[in-house]
Amino acid sequence: MGKLATIDVALDEMLVNLAAIVLRLSEPEMTRTPEARHALAQSVHQYAVCAARSSDPRVHELKSQLEETLKPALRIVASNGVKVS
């Protein structure tokens, strides 16, 4: 394996580890404030930029998972006209 391939593998492993950290930080109890949500969005965006050049499918799957954390959680407020708490 050439030096570049070795570096690519090492970078992919670093991206996998980084995604695990960001996923832990994306938990609702960690992102309650607008500032924390903004920081999470920046981290996910930066990860996506780095992941774009990776050929490792794990990195792309983790990118998708991270992007899902940015979507607002939907909740049902009424069902059949009855307010749900």
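Right, let's walk through the structure included here. (Residues numbered from 1 in each chain as written. Predicted model: local features only at pLDDT ≥ 70, side-chain atom pairs only at ≥ 80, totals over all residues. Heavy atoms only, no water.)

1. Re the side chain of serine 54
Here is step 1 of the chain: With respect to the element layout, serine 54 can be found in the loop between α2 (34-51) and α3 (57-69).
Here is step 2 of the chain: For serine 54, the side chain forms a polar contact with the side chain of aspartate 12, separated by 2.7 Å.
Here is step 3 of the chain: One polar contact links the side chain of serine 54 to the main-chain amide nitrogen of aspartate 56, over a distance of 3.0 Å. (Helix = DSSP H or I, 4+ residues; strand = E, 2+ residues; numbered from the N terminus. Polar contact = N/O pair within 3.5 Å; in protein donor to acceptor, adjacent residues only side chain to side chain.)

2. Overview of the pattern of salt bridges
Here is step 1 of the chain: Under the counting rule described, the total for this entry stands at four salt bridges.
Here is step 2 of the chain: Between glutamate 13 and arginine 58 there is a salt bridge whose closest N-O contact spans 2.6 Å. Taken as a pair, glutamate 13 in helix α1 (residues 3-25) and arginine 58 in helix α3 lie far apart in primary sequence, 45 residues in all.
Here is step 3 of the chain: A relative accessible area of 36% places arginine 58 in the partly exposed class.
Here is step 4 of the chain: Between arginine 58 and aspartate 56 there is a salt bridge whose closest N-O contact spans 2.7 Å.
Here is step 5 of the chain: Residue class for aspartate 56 comes out buried when judged on its relative accessible area of 12%. (Salt bridge = Lys/Arg side-chain N within 4 Å of Asp/Glu carboxyl O. Buried < 20%, exposed > 50% of the residue type's maximum accessible area, 1.4 Å probe, protein only.)

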